[in-house]
Amino acid sequence: MRFTLILCFFVCFSCSYFEKKKLDSNVILEKELQTFKWDEVDHYPTFETCDDTMDYLENKTCFESSITAHISEVLNDSDFVFSESKNDTIWVHFLVSKAGEITLSNLKGGGLSEVSIQNLNEILSASLLELPKLFPAIKRSQHVQTIFQLPIILNTNADKQ
């Protein structure tokens, strides 16, 4: 009789141990968002000229060196003329879409006139069409839009032209 009573007691009150606790999706989402690094990508945009088996740092280096070399070449070949001496830095902001299209989104700094900024914007925008095929950045197995900035250091001497 005691054994049956004890067994009944455990059966009646131990059911809560077998219940599955429901997890609130909002709690899971909140925890995930706290660990999510919004300003980092898992894989940088990649030019078709870069090896697709590269690790993260090699991929980043290939992307940055490819775009830097291209912009340097374009600016060296252009007939962009300054009317006064300049020694300043211009920050060029590029947008790489989810489809892998790269566009110039903004030019900042440099103390250039509106006309000079517009001319430089046109030169750089046209040069982006000449870049090799670009594959977008990847974050959690999804193609994502990214923004990059590139410093262009102006060091001109108008007297020597």
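Here the structure is a predicted model, which means the values were calculated and not measured.

About the criteria used
- Residues numbered from 1 in each chain as written.
- Predicted model: local features only at pLDDT ≥ 70, side-chain atom pairs only at ≥ 80, totals over all residues.
- Heavy atoms only, no water.
- Patch = residues over 30% accessible without salt bridge, like charges linked within 9 Å, V, L, I, M, F, W, Y side chains within 5 Å.
- Areas by Shrake-Rupley, 256 points an atom, 1.4 Å probe, with all protein chains shown as cover.
- Salt bridge = Lys/Arg side-chain N within 4 Å of Asp/Glu carboxyl O.
- Lys, Arg positive; Asp, Glu negative; His and termini not counted.
- Charge placed at Lys NZ, Arg CZ, Asp CG, Glu CD.
- Helix = DSSP H or I, 4+ residues; strand = E, 2+ residues; numbered from the N terminus.
- Buried < 20%, exposed > 50% of the residue type's maximum accessible area, 1.4 Å probe, protein only.
- Phe/Tyr/Trp six-rings, centres within 6.5 Å; stacked < 30°, edge-to-face > 60°.
- 1 Å grid on protein atoms, 1.4 Å probe; cavity = no way out; pocket = protein on both sides within 12 Å on 5 of 7 lines; lining within 4 Å.
- Points joined across faces, edges and corners; volume = space filled by probe spheres on them.
- Nonpolar A, V, L, I, M, F, W, Y, C, P; charged D, E, K, R; others polar.

Asks: What is the right way to read a negative patch on the surface from this model?
Replies: A surface patch of negative charge is lined by D51, D52, D55 and E58. Here D52 is to be found in the loop between β1 (46-47) and α4 (56-77). For D52, a relative accessible area of 65% gives the class exposed.

Asks: Mind showing me how you'd approach the packing of aromatic side chains here?
Replies: Geometrically, a pair of aromatic rings is defined through the distance of the ring centres and the angle of the planes. The final tally for this structure, using the stated rule, is 5 aromatic pairs. Ring centres of Y44 and F63 lie 6.1 Å apart, and the angle between their planes is 50°; on these two criteria the pair is classed as tilted. Note that Y44 is positioned in the loop between α3 (25-35) and β1 and F63 in helix α4, a separation of 19 residues in sequence. When sorted by exposure, Y44 lands in the same class as F63, which is buried. On the basis of an interplanar angle of 15° and a centroid distance of 5.5 Å, the ring pair of F47 and F63 is categorised as stacked. One end of the pair, F47, is in strand β1; the other, F63, is in helix α4, with 16 residues separating them in the sequence. In this structure F63 comes out as buried when scored by relative accessible area, which is 3%. Here the aromatic cluster, defined as three or more aromatic residues joined through ring pairs, consists of Y44, F47, Y56, F63 and F148.

Asks: How do you make sense of the layout of surface pockets when you look at a structure like this?
Replies: With a probe scaled to a water molecule rolled over the atoms, the places where space remains empty come into view. Estimates place the volume of the second largest pocket at around 240 Å³. Residue lining of the second largest pocket: 13 residues in total, with W38, D39, E40, V41 and T146 positioned closest to the centre. Counting residues per element, the lining of the second largest pocket draws most heavily on strand β7 (residues 146-156), which supplies 3 residues. Split into classes, the residues belonging to the lining of the second largest pocket amount to 8 nonpolar, 2 polar and 3 charged.

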